[in-house]
Every structure is written in C-alpha cells, then in structure tokens.
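Reading the structure
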Amino acid sequence: MPVIALDGVERRLVRCFGLVFPELGTDEIPVASPSSVGTWDSLASINLVAVIEEEFGIQVELEELGDMMSFATVLDLLERRRGR
Amino acid sequence: MTVSEALAVMHAARAASGRVARYALVCGATPVHLGTFVAAELQRRLADTRVEIVNGPYGDVLGGLEQAARIDGDGAVVVVEWSDLDRRLGLRDAAGWRPGDLPDVVTNAAWACDAIVAGVGRLADRMPVAISGPTLPLPPVAFTPGWMASTVAVDLRRLAADLAARHAHLAGVRVVESQRLDTLSAPGTRLDVRSWLTIGFPYRRPHAAILGELLAQLLVPTAPKKGLITDLDDTVWRGVLGEASVSWDLDHRSHAHALYQQLLAALADAGVLIGVVCKADATTVEAGLAARDLLLPRERLFPVEAHWEPKSVSVERILRAWNIDAASVVFVDDSPAELAEVQSVYPDLTALRFPTGDDAGVYALLEELRDLFGKPRLVPEDGLRAPTTATGALPPVASGADRLDAFLARAEQELTVLPVATPGDGRALELVNKTNQFNLNGRRYTDGEWRALVERDGSVALVLAYRERYGPLGRISVLAGRRAGAHLTVDTWVLSCRAFSRRIEWATLAWLFDRWHLSDITFAYAPTPKNHLATGFLQELVDGALPAAPRVSAAAFAARKPALSIRWSAAECP
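Because the structure is predicted, anything quoted here is derived from the model rather than measured.

**A short note on the sheet that holds strand 12 (residues 459-468) of chain B**
Residues and elements named next belong to chain B. Across the sheet, which stays open at both edges, the seven strands sit in the order 16-15-14-13-12-11-17 with mixed pairing between neighbours. Since the sheet does not close on itself, it has two edges, and those belong to strand 16 (551-553) and strand 17 (567-569), each with one partner. Strand-to-strand, the axes of this sheet are offset by a mean angle of 30°, without reference to chain direction. Pairing of strand 13 (residues 471-484) with strand 14 (residues 487-495) involves eight bridges; the strand directions are antiparallel. Looking at the pairing, Val-478 lines up with Val-494 of strand 14. In the packing of helix 17 (residues 426-434) onto the sheet, the strands contacted are strand 12, strand 13 and strand 14, and the crossing angle to strand 13 comes to about 85°. Together, strand 11 (414-419), strand 12, strand 13, strand 14, strand 15 (520-523), strand 16 and strand 17 form the strand contacts of helix 19 (residues 504-515), whose direction differs from that of strand 14 by roughly 155°.

**Let's talk about empty space enclosed by the protein**
All names here are of chain B. Per the stated rule, a full pass over the model turns up four cavities of 30 Å³ or more. If you add up the space inside the largest cavity, you get close to 180 Å³. Lys-226, Ile-324, Lys-434, Ser-496 and Cys-497 are the residues nearest the centre of the largest cavity, which is lined by 16 residues in total. A breakdown of the residues in the lining of the largest cavity according to their chemical character gives five nonpolar, six polar and five charged. Formed jointly, the lining of the largest cavity draws a minimum of three residues from each of two domains, domain 2 (227-388) and domain 3 (394-569).

**Description of the confidence of the model for chain B**
Considering every residue of chain B, the mean pLDDT works out to 89; 95% of them sit at 70 or more. Of the regions scoring below 50 in pLDDT, residues 387-399 of chain B engages in 22 contacts with residues more than four places distant in sequence or in other chains.

**Comments concerning the packing of aromatic side chains**
Residues and elements named next belong to chain B. As enumerated under the stated definition, the model contains 17 aromatic pairs over all chains in all. Here the aromatic rings of Trp-506 and Phe-537 are separated by 5.0 Å at their centres, their planes lie at 85°, and the arrangement is edge-to-face. Of this pair, Trp-506 sits in helix 19 while Phe-537 sits in helix 20 (residues 532-541), placing them 31 residues apart in sequence. For Trp-506, a relative accessible area of 5% gives the class buried. Taken together, the aromatic side chains of Phe-438, Trp-493, Trp-506, Phe-513, Phe-523, Phe-537 and Phe-557 make up a single cluster linked through ring pairs.

What counts as what
- Residues numbered from 1 in each chain as written.
- Chains lettered and ligands numbered in written order.
- Predicted model: local features only at pLDDT ≥ 70, side-chain atom pairs only at ≥ 80, totals over all residues.
- Heavy atoms only, no water.
- Pairing = 2+ DSSP bridges.
- Helix = DSSP H or I, 4+ residues; strand = E, 2+ residues; numbered from the N terminus.
- Axes fitted to C-alpha atoms, helices over the stretch in contact; angles between N-to-C directions.
- Contact = heavy atoms within 4.5 Å.
- 1 Å grid on protein atoms, 1.4 Å probe; cavity = no way out; pocket = protein on both sides within 12 Å on 5 of 7 lines; lining within 4 Å.
- Points joined across faces, edges and corners; volume = space filled by probe spheres on them.
- Nonpolar A, V, L, I, M, F, W, Y, C, P; charged D, E, K, R; others polar.
- Domains from an automatic or database assignment.
- pLDDT = per-residue confidence, 0-100.
- Phe/Tyr/Trp six-rings, centres within 6.5 Å; stacked < 30°, edge-to-face > 60°.
- Buried < 20%, exposed > 50% of the residue type's maximum accessible area, 1.4 Å probe, protein only.

Below, the structure is given as structure tokens:
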C-alpha cells in the first residue's frame, strides 16, 4: 500500500473537498460532514474518493470507506496512511 | 482527464452567463464518473454555455432512451454495454451462465438490439445522438477456454457490429469508432470489477475519461480544416525534381509517398483545397506533376506555386487565392526549416513535417490528416469546391468596380432560395459554424441551438444556392432571423468565401426587401477578429460609424445598391 510522503496533507485535502463541494468556503471545509453539507450524497462520496485517490496516489480500500464520513475522519485516514 | 480536472472544468463554468445546454446521458450502469467526464468534455468545447447532464434510469437503457426523447435537449449520449443486451452478461446479476442458458442470451440480445435501434432512431428525430457499443470484455459465460472463440461470443459480437452499423446509417446518429477507442484505451484495462460490484460503475476511470472524450467529440466536433498546402520533393514523391528521378512505389521503397498521394486525392474529392509550394522552376514542376502514374490528379492542385521565393510568400498567395484564413489550413513539408519559416509568418497555420524515410511516421501523419480534415458527412458542395476553384474562373480579387461589373455581366449568375430543413440538412449549420469572414456576428450554434432558432415563431431561415456559367457553387449562404410585419431582424448571416466578389450579399438583401415588402432590416451585428468582410459590407449600408445593431431602410438600401445581374430561381422560394 503506498505511503503518503509529502507534507501539506491537510491543505491538499481542503483542495479535494473544494472540488467536490465548491459551495463550501475554506473555513467550512474542516468541519464538513454529510450532516452539515446538503450536497454530500452517495455521488459526492464517490467523487470524493476518486479525487482523493488522484491527489494522493492511493487506492481507498473498501473497509476504509466507512472512515470517510467527515473531513476530520478522512484527514485521520490519510495521516494514518502517512505514518505507515 | 482526471475526475479532479473534470470537476474543476465544471466548477469554472458555473459562473458562465450563457445559456444552459442540456444533454441526456443514457446508460444502463450508474453513470457517476462517466457523467462527470462527458459533462466536462462537452463543457470544454462549449465556452459561454453551461452544460447540464440529465441521467436516465439505472439498468434500463430502453427506458432511458424514451425518457431522453421527452426532454428539451441539445443532444444525447448513449452508452450500450453487454449487460444492456442481456443482464446475464453483467456482473451485478446471477441469473445463469449454464450452457443451456447461452442460446437464450443471444436471442435476448438480438431482441434488445432491435429495440435499442428503434429507440435511438426516435431519439435522433429529436436531437443529435452520440453512441458507443459494448466496450467491456464479455464475462466468462461460455464453456470454451478463454483463448477459443465460443459460438455465443462470436454471435454476440456479430450483433454488436450489426448494432453499430445500423446506428451509423441513422440520420443524426454518430457512433464511436472502436478502432480509435482500442488505441486510446486498451481493451484489457477497461473493466473495474470492484467498482462495478460495489457502486454499479463498471469502468476504470481512465477508460471512462477516454470514452467521455470521444462521445463529446461526436456531439461537438472540432471544425475541420479546409485546405492543405503540400511540398513536392521528398513529400508528394521521394527524391528531388531536376536532381534525380523521383518515385512513389514499392520497388524504390518509396510507396509511403503513394499512400500520401492517395490520401490527398481522397481529401480533394471530399472538398479539401489542395495547393502546392515547391522551390523549383515552374516548368520542372509542371513536368513532374504531369507524370501519368501520379495518384493525385493535376487538376485537383490549385494553386501551384513554383519559384525560389520563401515558402511563406507562396503560402500567402495561396491563402489569398483560396480566400481562407491560415487557421483553416495545414502545411506539409519534409523540411523543418521550411515549416519553421512558414510558421513564423503564419503562427495559426498547422505545420506538419512529412517524415521521409520513416514509413510508420508517414502512416501516423496520414491518420493525423484524416483527423484534421475529417467531417461527419459529405455534402454535394464538397465535390464542387475543388474543380470550381481549379477552373481559374475566380473573380478578380480586389479589383475595381468596372472589372467586377464586366466579370459579373458575363457570369450568368443564378441564385436559388431554399428553406433551412432540420433535421437532416447539415450543410446550413456547417456553413454557419465554419464561416468567418462574411459572418454577421461569429455566433456558433450546437445542433440543438440551431434547431431552436429555426423553429421559433416568426422565424425566417434561408439557404442560398448559387451557380454561374463557370459551374455551380452549391449552397453558399445562410440567413436566419425573425420577421414581424414589414420588419426583419437578421440574427445570423454567413456567405461562403468561395462566393465573394459576386455581389450576392447585395442581391440577397434586394430579394428580402422585395419578397416581403420590408420597410427595414436590422442586423444583429457584432465585430469579431475575422468578420471584416461582413463589417465592410454593413459599413456600406449606413452613414457614419457602424452602430451595435445597424438598421437599414428600404429607401437607403435602394440608394446604395450597385448594379445587379443575378437571376433568381423562383421555383423553391419560400
């Protein structure tokens, strides 16, 4: 499994969220979750996974999808990947 | 294109102030990334327009086709996979791969093909359709090993080929070329089993991106180039005229030049202007072009510039004779220095090197030329273009009024007015979208926009066909607008560069004023970097500076109108 080596993970993740949820301001993204973002539906989740895979050069595993339910949990997932 | 890039394209277009272009996407799978890629590729091609995708129901291509035909759309993208022909050919179903099931799979697929063709035909009556046939591998349904063709696989592929052929023959339907798709997206890399099973999306993202690009290209194609200027030595033939013998055959290992000649001849027959530049004396060049076994007929070459001046000078003369801009022209030469010299003067021109001695490189060049000059259909005017210009019957360029009067008096001019027919007649829209110099405002239209313009209340939409004693030029002008009583507003007006200097623009307005007893005509004029001929004509109609929407009264027009000797064919006047 690829290890995320570059710094600025949070900044890059904000950019990913900005692509999928362009209506969000940069201050809203760190607290984004399906309950706070009306457009966060299944299609948005699929797009988010694709954008994150492209940005970080990783493949999100099936069992990790459940960890991608908010900006914070996605960031935590990426940080864990980086630490491997 | 990646999903990130596609989303960025769509977001950048959210602020576009233009109209919304709505496209239906019909596919049996969950469209997700395919929809994103199709939308982004369409959006990239439609500046100032905001693209919206309307998805059909999941797992129901036939229902999607019916639903798409009910929307007010600019076009439709239809993606058919094996699982749309029979659900047992998909991975999200488990209805049986037993040997006894297989004949029924083929029978069911044949029925589905018939139903899809019927549905696509109905959809194409409403809007242009871009379609792809099955792109994924067949699942391991057959009892044969994978390296052995099974009867079920062969029968299914025959059905798919037949499906593509039937679609390709339908008016308004364009089919993705599987050979190009195979080149860009290797068949073995397309299927994403995990994605199909988990979210219902069967494609790997790179494949979806390429498929989306090709489908969008079918709906919003790039304008084809109009003219090709070619060098002769080590390009049309191997060798240098006057220095050694030249050849284009297998014996001399120069057959790649024969293929190039063959392609040029085909392009000329399809309406592409072919000119020649060669640094040699004219006598030598004419002797070379007179070779009996040359595959490129001499009469298809016009003009032929043979002298020792820089090639950019030759190109300038040819562009002037053709009356088209450099951006519509491709220049082919074996010399990088000559290409650079011409390109330095004409940066908008497409300059391509002929890779003499590299057969594979020549073949790649032939493919590139096919793409640059490719058009969805041929119209009768394509066959007229080359011989008409080659007769040398071009009117004098930038001549005085007296010389023009003398030329036109002998020309036996005749114009015929035809109504614009939609759908089916692509010539009118093609003219509007490719004409630059005499173009009222440079406005380009999608098929859907054009249909809406022509079919609205009060619409006036005319195509003009022209002939003279030197031969027919075919349909050379399109005018569309709205008539209210004695007033006409012209929204779009183009006149082909082939028909300039014949006072056809004056005759057109004279006919409009007379035919409908108009009191005045308003022009939805807008200057563009290229429409100087339209600007110049309108300037002749008004006093002082050209206003934003020039309005010309019947009296003012009559006072300025020059002598006209054009006869009108009344038989088909609307």
